[in-house]
Amino acid sequence: MTFGEAYKLLRLSKGFTLKEAAKDIISVSFLSKFERNESEITVANLLALLERLNTSIEEFLAMNEYSMPFKELVSKIKNAFENNNIQMLTKLYNKEIENYNINNIPFHYYNAVMIKGLIMGIDSTKATLSKEEKNAINDYLFAVEYIGTYEIALFGNSYRSLEYPMIMSMTKEIARKVNLEQKSEYLQKEYIRILLNTAIAAFEHQQKNDFSEILMILKHSLNEVSFYFEKVKFLYLKGVYELKYGDKHKGRKLVNDSLNIMELLGDEKMKINHEIYLHEKLNFHL
């Protein structure tokens, strides 16, 4: 049974119409497509729909014979990653794949891809994402209407193994759909870090227009938050852009300003690493 089919059964058993269940969460047509297994849905929207039916995620997952409640799974993944426990992550990955093969529920598959991305983050020799897995992430992010913590985590944890064109297209799609004002501080920060990493990727692939576009998105996004490290990094990348493509005098000033802030904040190691990067990528010396 798919998530959509299970939700429809639950909705009908509770006496809710499509319109009543979907109101102020998603469109009626989108909910109908989800129930018919014709469209994906985000975790955030699923949680909201279940809350309207006074049903917990644990109860809902149990209807699908889900072997491990979602919150417990997340806790286990987080604990394993923080302790560099590849063996545990591999076990969790295999379990999600097993669940997917049994139930054909897409979230099992996405969870497995996310776990594999975390394994790669610990040791890139231990795992790699297949073309099918990469395309699954891409298709999911383009299909959903709403970007939440789950979507950011899915993309962020798979980021290292994706080719540049896919990274850029996914980042732009997420930027188009995300609404920072409605997000937690954690999600805001993770989203902005994705933008920063994508800006660096654009620079290293010598894609001037992409670099400029992501910097514009970053500028707008950073106006809505007060994350000092991310703003210093943005200042640094603006300087890198000018040194590479624009006014070298302006670029030198921006870079120096960002490095001086790093020094004032007491992060000498970060300053040195950014100086080395400038030397290696642009043959730039202070």
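Residues numbered from 1 in each chain as written. Predicted model: local features only at pLDDT ≥ 70, side-chain atom pairs only at ≥ 80, totals over all residues. Heavy atoms only, no water.

Peer 1: What is the right way to read the pattern of salt bridges from this model?
Peer 2: Once their charged atoms are close, side chains differing in charge can pair, the charge on each being opposite to the other. What the rule picks out here adds up to 15 salt bridges. Of the charged contacts, one joins E35 and R11 as a salt bridge, the two residues approaching to 2.7 Å between their closest N and O atoms. Taken together, the residues E35 in helix α3 (residues 28–35) and R11 in helix α1 (residues 3–14) connect sequence positions 24 residues apart. On the accessibility criterion, R11 (5% relative accessible area) is buried. Residue R193 is joined to E230 by a salt bridge in which the shortest nitrogen-to-oxygen separation is 3.2 Å. One end of the pair, R193, is in helix α12 (residues 185–204); the other, E230, is in helix α14 (residues 228–245), with 37 residues separating them in the sequence. Overall, E230 belongs to the buried group, its relative accessible area being 2%. (Salt bridge = Lys/Arg side-chain N within 4 Å of Asp/Glu carboxyl O. Helix = DSSP H or I, 4+ residues; strand = E, 2+ residues; numbered from the N terminus. Buried < 20%, exposed > 50% of the residue type's maximum accessible area, 1.4 Å probe, protein only.)

Peer 1: Can you walk me through the side chain of K233 in this structure?
Peer 2: Mapping K233 onto the fold places it in helix α14. Comment: no salt bridge for buried K233; closest opposite-charge side chain is E204, at 9.0 Å. Within the local environment of K233, its side chain forms a polar contact with the side chain of H274, the two groups lying 2.9 Å apart. Leaving out residues up to four positions away in the same chain, K233 has contacts with L196, I200 and H274. (Lys, Arg positive; Asp, Glu negative; His and termini not counted. Polar contact = N/O pair within 3.5 Å; in protein donor to acceptor, adjacent residues only side chain to side chain. Contact = heavy atoms within 4.5 Å.)

Peer 1: What's the story with unusual backbone geometry in this structure? I'm lost.
Peer 2: Residues other than glycine predominantly adopt negative phi, and peptide bonds predominantly adopt the trans conformation. Even without being glycine, N37 reaches a positive phi, approximately 65°. Inspection of the secondary structure assignment puts N37 in the loop between α3 and α4 (43–52). Judged by relative accessible area, N37 falls into the partly exposed class, the value being 45%. In this structure, N84 is a non-glycine residue whose phi angle is positive, near 50°. Following the sequence through the fold, N84 ends up in the loop between α6 (70–82) and α7 (86–103).

Peer 1: Where do I start with the nonpolar core in this structure?
Peer 2: One recurring pattern in soluble globular proteins is that nonpolar side chains are buried together. Membership of the largest hydrophobic core comes to 90 residues, with the highest contact counts inside it found for Y7, L46, F107, F155, Y191 and L218. Sort the elements by how many residues they give to this core and α12 lands first, with 11 residues. Excluding residues within four positions of it along the chain, Y191 makes contact with I152, I174, A175, V178, L180, I217 and S221. (Core = buried A, V, L, I, M, F, W, Y, C linked by side-chain atoms within 4.5 Å.)

Peer 1: Sorry if this is basic, but what is going on with the side chain of E96 here?
Peer 2: When you line up the elements, E96 lands in helix α7. No salt bridge is formed by the buried E96; its nearest oppositely charged neighbour, K95, is found at 8.2 Å.

Peer 1: Looking at this structure, how should I read α4?
Peer 2: Every buried residue of α4 is accounted for by V43, N45, L46, L49 and L50. Along the axis of α4, the buried residues cluster in a sector spanning 160°; they form a single face. Within two residues after α4, N54 carries a phi angle of roughly 55°, on the positive side. (Arc of directions from axis to C-beta.)

Peer 1: Would you explain the packing of aromatic side chains in this entry?
Peer 2: In this description, a pair of aromatic rings is defined by centroid distance and the angle of the planes. The full count for this structure, using the stated rule, is 9 aromatic pairs. Where Y100 meets Y109, the ring centres are 5.1 Å apart and the plane angle is 45°; that geometry is what we call tilted. Here the aromatic rings of F203 and F211 are separated by 5.8 Å at their centres, their planes lie at 45°, and the arrangement is tilted. According to the relative accessible area criterion, F211 is buried, its value standing at 0%. An aromatic cluster of at least three residues, connected via ring pairs, comprises F203, F211, Y241, Y245 and Y277. The residue whose ring lies beneath K189 is F227, and the NZ or CZ to ring-centre distance is 4.8 Å. (Phe/Tyr/Trp six-rings, centres within 6.5 Å; stacked < 30°, edge-to-face > 60°. Lys NZ or Arg CZ within 6 Å of the ring centre and 35° of its normal.)

Peer 1: Before we go on, may I ask you to explain the packing of α12 against helix α16 (residues 268–282) in this structure?
Peer 2: Each pair of packed helices can be described by the angle between their axes along with the distance between the axes. Orientation of α12 relative to α16, taken along the N-to-C sense of each, is 30°, at an axis distance of 12 Å. In this view, α12 runs roughly parallel relative to α16, as classed from their interaxial angle. Residues I200, F203 and E204 of α12 lie in contact with α16, whose contacting residues are Y277, K281 and L282. Grouping the amino acids of the contact of α12 with α16 by side-chain chemistry returns 4 nonpolar, no polar and 2 charged. (Axes fitted to C-alpha atoms, helices over the stretch in contact; angles between N-to-C directions. Parallel < 35°, antiparallel > 145°, perpendicular 65-115°, else oblique. Nonpolar A, V, L, I, M, F, W, Y, C, P; charged D, E, K, R; others polar.)

Honestly, it's all geometry; don't read function into it.
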